[in-house]
Number of protein chains: 2
Amino acid sequence: MVSQKCQYALRALFELAKRSGLGPTKIAEVAEAQAIPPRFLEVILSQLKHGGFVESRRGAEGGYLLVRPPRGLTVGEVIRFVEGPIGPVGCVTGDPKEHCPLHGDCVFLGMWEKVRGAVSEVYDSTTLQDLVEEDRRRGRRYVPTYAI
Amino acid sequence: MVSQKCQYALRALFELAKRSGLGPTKIAEVAEAQAIPPRFLEVILSQLKHGGFVESRRGAEGGYLLVRPPRGLTVGEVIRFVEGPIGPVGCVTGDPKEHCPLHGDCVFLGMWEKVRGAVSEVYDSTTLQDLVEEDRRRGRRYVPTYAI
DNA sequence: TCCTTTGTCAACTAAACCAATCGGGATAAT
DNA sequence: ATTATCCCGATTGGTTTAGTTGACAAAGGA
């Protein structure tokens, strides 16, 4: 299960990816476009900034920008940063503090590994660019609003 | 992430599967063999009983038995019973109360579906019998202890 | 009959986690 | 200076997890 927070993080990055090259986007805009509680989004974007995913501009006309090009940014990276290692159970995520009481000779291990592999494969092969393209394909090309 | 409780449930059913046909197994035995806190296992087995996975015998020489043959019992069934529907996010588990604020036209949906499919496929194609066989293959054939 | 062994059940709890919110501060553009 | 925007730490309320407790019921043997 990926947490609500992580889904928000992905949606926010996707929104920034859609607008990459167009200057900073405000928290409030991202929040509205993606239906994310604004103050919570603030926390999330700040975390993503520390993780090197986005950068920020302060003051009037400030906002957030994607640091890296969407083509090279995978969903897997984002999930791992927000949630920690991907996997159905602790003993299979490489986390050394997690240990089966059965010391690695548990019959379930193979199955957990299969799941971890399958899930990682999907997340690691989906880039933000893929999502933006899918979005455009559906006719939701981003049209900036110049006037109010 | 499958919970500790669910892992215990699977290990307990596996232990019963290993001994199926040999009469009831006591909670304490299962607990020791699988390193599960005994009083917690009590709760879990009782729940599995209500779900029709096991049955019980009370009194001296009582214990628990698997109801169905291990060949037809999949890990997927057990996980769904203990944890609810399988899937990385709520909007993809068929749960009708879960809804994206974007009304099903979210670009992430396809990816979540892929993950749900891949995970379910692994869990639904693994039976308890598969696990018992894997266990025997590793030379851990169950040898009942007749004397004490 | 009575005692021991086993499962049954409902309630309880401590800790962790999640999703958010709040209040105030810093910085940049106009 | 004023306003718009991000920055940061603390706090909250609710839910979930991983168990524990204690009293009870049934089966079987002495």
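Quick caveat, the model's predicted, so the values are computed rather than measured.

A. Layout of the pairing of strand 2 (residues 63-66) of chain B. Residues and elements named next belong to chain B. Here strand 2 shows two buried faces, one formed by Gly 63 and Leu 65 and the other by Tyr 64 and Leu 66. Summarising the sheet, strand 1 (residues 54-57) and strand 2 pair through 4 bridges and their orientation is antiparallel. Among the inter-strand pairings, Val 54 is bridged to a residue of strand 2, identified as Leu 66. In this antiparallel pair of consecutive strands, strand 1 and strand 2, the connection spans 5 residues, and Gly 59 shows a positive phi of 75 degrees.

B. Looking closely at the side chain of Asp 135 of chain A. For Asp 135 of chain A, the location among the structural elements is in helix 6 (residues 128-137). Side chain to side chain, Asp 135 of chain A and Lys 18 of chain A meet in a polar contact 3.4 Å long.

C. Quick peek at the relation of the copies chain B and chain A. Of the two same-sequence chains, chain B is brought onto chain A (RMSD 0.0 Å, axial shift 0.0 Å) by a rotation of 180 degrees. Taken together, the rotation and translation describe the operation of a two-fold axis. When the interface residues of chain B are mapped onto chain A, 100% of them again fall at the interface, so both copies present the same face.

D. Fine view of the protein's contact with DNA strand D. Close contacts around DNA strand D come from 25 residues, with Lys 26, Lys 49, Ser 56 and Tyr 64 of chain A together with Arg 39 of chain B the closest. Within 4 Å of the protein, the contacting atoms of DNA strand D are 63% sugar and phosphate, with bases supplying the remainder. For DNA strand D, a phosphate oxygen lies 2.9 Å from a polar atom in the backbone of Ile 27 of chain A. Arg 58 of chain A is positioned such that a nitrogen or oxygen atom in its side chain is 3.0 Å from a sugar or linking oxygen of DNA strand D. Counting residues per element, the ones that place at least two in the surface near DNA strand D are helix 3 (38-50), strand 1 (54-57) and strand 2 (63-66) of chain A together with helix 1 (4-18) and helix 3 (38-50) of chain B. Its residues assigned to classes, the surface near DNA strand D comprises 7 nonpolar, 9 polar and 9 charged.

Cut-off values and rules
Residues numbered from 1 in each chain as written. Chains lettered and ligands numbered in written order. Predicted model: local features only at pLDDT ≥ 70, side-chain atom pairs only at ≥ 80, totals over all residues. Heavy atoms only, no water. Buried < 20%, exposed > 50% of the residue type's maximum accessible area, 1.4 Å probe, protein only. Helix = DSSP H or I, 4+ residues; strand = E, 2+ residues; numbered from the N terminus. Pairing = 2+ DSSP bridges. Polar contact = N/O pair within 3.5 Å; in protein donor to acceptor, adjacent residues only side chain to side chain. Least-squares fit on C-alpha atoms with pLDDT ≥ 70 in both. Contact = heavy atoms within 4.5 Å. Near = heavy atom within 4 Å. Nonpolar A, V, L, I, M, F, W, Y, C, P; charged D, E, K, R; others polar.

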